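# Summary of the model geometry
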Protein chains: 2
Amino acid sequence: MAEKIADKIVTEMTPGTGVKSAARPRKEMIAETKAKLIAAARRAFAHQGYAEASMDDFTAGAGLTRGALYHHFGDKKGLLMAVIMQMDAEMSDRLAAISSRAETPWQAFVDECVAFIEMSLEPEIQRIMLLDGPAVLGDPSQWPNQSACIRTTTASLQKLIDQGTIRPVDAEATARLVNGATLSAALWIANAQDPDTVSKKAVEVFLTLVSGLLVER
Amino acid sequence: MAEKIADKIVTEMTPGTGVKSAARPRKEMIAETKAKLIAAARRAFAHQGYAEASMDDFTAGAGLTRGALYHHFGDKKGLLMAVIMQMDAEMSDRLAAISSRAETPWQAFVDECVAFIEMSLEPEIQRIMLLDGPAVLGDPSQWPNQSACIRTTTASLQKLIDQGTIRPVDAEATARLVNGATLSAALWIANAQDPDTVSKKAVEVFLTLVSGLLVER
DNA sequence: GGACTTACATACGCCGCGTATGTAAGGTAA
DNA sequence: TTACCTTACATACGCGGCGTATGTAAGTCC
C-alpha cells in the first residue's frame, strides 16, 4: 500500500536527482522488481501450490505483469528456482545461528536436526521446498546452490567425526540420510491429527537412530 | 496391435454368445478399460512426468478418449491415485516376497530396506511415487491405502521389537524415518554421476544408523 | 421387448502458459 | 544537449490442455 505509492514517487523523481552516480537507481529498481516478483510468487506457491498458482494473478498482485517475470526469470520454473534459493539461504542462516549457539558439537548437530524438523512443519517450507521443489526441479542435490542446508549438516557431522564423537562415516552421506529421515518425520507430523503425540514419537526414534552414529553410546 | 484387434472382435461378438452369464462380459470390459487407462497413464507419467503428460495423448495411445478417463476416474488426479495404488501394491508384494525369504527377522528388515532403495532407483517409481505423487496428492501417509510399503516395514520392525532384537521404540515412527532416509538415499544415488561409489557410502551409513536401533550392537 | 442405465465419444469454452511485438525510460558518446 | 542504443518492462496473440455438457450405442432388468 504505502510502499507502492512510495515506489511511484521514487520512480518519477529518478532522472537527474541522483546524488552522484547515475547507474545505481536503475540497478536498485531492478533488484526491487525482482524482489517483488519473488515475494509474490513465494506467497502464491505457498498458498496454492506451484501448479495452481497463476502467473497472471500473482504478478498483478505485485503490481507487474508476466512480461517482467519472463524478462528476469525466463519462465515459471526459473522463478521457482529463485524462490527456492532465497528460502534455502534463509533456512541455512537459521540453522547456522542455532548451531553456533550450542555448547557441544553433538548438541549442535541434534539442535540442527530438530530445527530442520520444525522448519519443515512450516507450511510454506513444506509446500515449496519439500513437495513442489523436488517435483518440478528434480533432486534437490542437483540444484545450483546444492541445498545449503545439507552443507550445514555435513559440516556439523564432519566436526563430530574429527573430534571422535561419532564413527568415521561419510559425512555427506550421513547428512543426506538424516535429512531424509527428518523430512519424512516432518511430513508425518504436519499431516497427523495429533501432532504433539506424533512428534514426540518421531523425536524419540530419531535420537535412537542417530545414536547408532556414536562411537560409544 | 494384435491385442487391439482382438478387443474389437470380442466387443462385436459379446451379445448373446456368453456361455451362461450375461453380466460378466460387461464387468470384464470395464476392468479392461480401466487397466488400459492406468497402464497408459503410468507410462506417460513415468516418462514425461505428471504435469507434462497430456490426457488426450495417452488416452489416445490406449485407443480411448478423455471421456472414458473422466467417467472412471473423475479427473487427472484420480487417475494418478489409481496408478499409485497399483504401483504401491506391486512394491508391497515385492517387499513381502523379499522379506519372507530372509532367514532372520533382522535380515528381513535390512533386506527390505535395501530393496526399497533399489526400487526407488527405478525411474518409474522415483518419478511417480516419490516425486509427483507427494506433490500432487500430498503426504503419502494420507493416501487411501496409507502406503502399503510403510505397513510392511512397520510389521517387520514390530517383530524385531517383540523378539527383543531392537529397542522398544514406536514401530510406525521408525518405519517412517527409515523410509525417509532410504528415499533420500535413493534420490541421491539416482542422480549421482558415480552411482556405485555413492550407493556404497549410503548403505554403509544406513547400516550405521539402524545399528542404533539394536539392543546390543 | 421396451424402458432405463451405463460406458464411453464428441464438442465446446475457458484458462494459463509462452512468445512476439511494442514502448518508454535509462545509459552513452558526440 | 541531443541523438542513438539498450534495457525493462507491458500488451497482444496463439496454442494446448483441462473440465464439462451433451450425444449415442450398447448392455441390463422387468
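The notes below deal with the structure included here. Only a predicted model underlies this, so the values are computations on that prediction, with no experimental measurement involved.

Another point: the protein's contact with DNA strand D. If you check the shell around DNA strand D, you find 22 residues, and the closest are A:Thr65, A:His72, B:Arg26, B:Arg66 and B:Tyr70. For DNA strand D, the backbone makes up 73% of the atoms found within 4 Å of the protein, where backbone means sugar plus phosphate. Within the contact set of DNA strand D, a phosphate oxygen lies 3.1 Å away from a side-chain nitrogen or oxygen of A:Thr33. B:Arg66 is positioned with one of its side-chain polar atoms (N or O) 2.4 Å from a base nitrogen of DNA strand D.

With that out of the way, let us pick up the nonpolar core. Grouped burial of nonpolar side chains is what soluble globular proteins tend to show. If you look at the biggest cluster of nonpolar residues, it comprises 56 residues, and the most contacted ones within it are A:Phe109 and B:Phe109. Counting residues per element, the ones that place at least two in this core are helix H6 (105-121), helix H8 (148-162), helix H9 (171-191) and helix H10 (195-210) of chain A together with helix H6 (105-121), helix H8 (148-162), helix H9 (171-191) and helix H10 (195-210) of chain B. Every residue in contact with B:Phe109, bar those within four places of it in the chain, is listed here: B:Thr153, B:Leu157, B:Leu160, B:Val178 and B:Val210.

Let us look at empty space enclosed by the protein. The final tally for this structure, using the stated rule, is five cavities of 30 Å³ or more. In this structure, the largest cavity occupies an estimated 870 Å³ of space. Lining the largest cavity are 42 residues, and of these A:Gly180, A:Leu183, B:Gly180, B:Leu183 and B:Ser184 sit closest to its centre. At the level of secondary structure, the elements contributing two or more residues to the lining of the largest cavity comprise helix H5 (76-101), helix H7 (123-137), H8 and H9 of chain A together with helix H5 (76-101), helix H7 (123-137), H8 and H9 of chain B. Across the lining of the largest cavity, the residue classes tally to 26 nonpolar, 10 polar and six charged.

Quick look at the relation of the copies chain B and chain A now. Superposition record for chain B on chain A: RMSD 0.0 Å, screw rotation 180°, translation along axis 0.0 Å. Read as a symmetry element, the transformation amounts to a two-fold axis. Measuring from the rotation axis to each C-alpha of chain B, the shortest distance belongs to B:Gly212, at 1.8 Å. Most of the interface of chain B is mirrored in chain A, where 100% of its interface residues are also at the interface.

Moving on to the packing of aromatic side chains. Residues and elements named next belong to chain A. Using the criterion set out here, one finds six aromatic pairs over all chains in the structure. Here the aromatic rings of phenylalanine 45 and phenylalanine 58 are separated by 5.7 Å at their centres, their planes lie at 80°, and the arrangement is edge-to-face. Of this pair, phenylalanine 45 sits in helix H2 (residues 24-48) while phenylalanine 58 sits in helix H3 (residues 55-61), and the two are 13 residues apart along the sequence. An identical accessibility class is assigned to phenylalanine 45 and phenylalanine 58; each is buried. Across the ring face of tyrosine 50, the terminal group of lysine 76 is positioned such that the distance to the ring centre comes to 4.6 Å.

Quick look at the side chain of B:Ser99 now. All names here are of chain B. Following the sequence through the fold, serine 99 ends up in helix H5. Given a relative accessible area of 18%, serine 99 falls into the buried group. With near-sequence residues (within four places) excluded, serine 99 lies in contact with Ala108, Glu112 and Ser156.

What follows is about the pattern of salt bridges. Residues and elements named next belong to chain B. Overall, the coordinates contain 14 salt bridges over all chains when judged by the stated rule. Salt-bridge contacts for arginine 42 lead to glutamate 124; the nearest nitrogen and oxygen are separated by 2.8 Å. Residue arginine 42 is found in helix H2 (residues 24-48), and its partner glutamate 124 is found in helix H7; the two are separated by 82 residues along the sequence. For arginine 42, a relative accessible area of 13% corresponds to the buried category. Residue class for glutamate 124 comes out partly exposed when judged on its relative accessible area of 25%. Between glutamate 172 and arginine 176 there is a salt bridge, with the nearest N and O atoms lying 3.0 Å from each other. Taken together, the residues span about one helical turn, with glutamate 172 and arginine 176 both in helix H9 at a distance of four residues. With relative accessibility at 26%, the residue glutamate 172 sits in the partly exposed group.

Turning to its location among the elements, B:Ser184 is positioned in helix H9. Assessed through its relative accessible area of 17%, B:Ser184 is described here as buried. For B:Ser184, the side chain forms a polar contact with the main-chain oxygen of A:Arg176, separated by 2.9 Å. Each residue touching B:Ser184, except ones within four places of it in the same chain, is listed here: A:Arg176, A:Leu177 and A:Gly180.

Parameters at a glance
- Residues numbered from 1 in each chain as written.
- Chains lettered and ligands numbered in written order.
- Predicted model: local features only at pLDDT ≥ 70, side-chain atom pairs only at ≥ 80, totals over all residues.
- Heavy atoms only, no water.
- Near = heavy atom within 4 Å.
- Polar contact = N/O pair within 3.5 Å; in protein donor to acceptor, adjacent residues only side chain to side chain.
- Core = buried A, V, L, I, M, F, W, Y, C linked by side-chain atoms within 4.5 Å.
- Buried < 20%, exposed > 50% of the residue type's maximum accessible area, 1.4 Å probe, protein only.
- Helix = DSSP H or I, 4+ residues; strand = E, 2+ residues; numbered from the N terminus.
- Contact = heavy atoms within 4.5 Å.
- 1 Å grid on protein atoms, 1.4 Å probe; cavity = no way out; pocket = protein on both sides within 12 Å on 5 of 7 lines; lining within 4 Å.
- Points joined across faces, edges and corners; volume = space filled by probe spheres on them.
- Nonpolar A, V, L, I, M, F, W, Y, C, P; charged D, E, K, R; others polar.
- Least-squares fit on C-alpha atoms with pLDDT ≥ 70 in both.
- Phe/Tyr/Trp six-rings, centres within 6.5 Å; stacked < 30°, edge-to-face > 60°.
- Lys NZ or Arg CZ within 6 Å of the ring centre and 35° of its normal.
- Salt bridge = Lys/Arg side-chain N within 4 Å of Asp/Glu carboxyl O.

Spatial relationships are all this shows, so hold off on functional conclusions.
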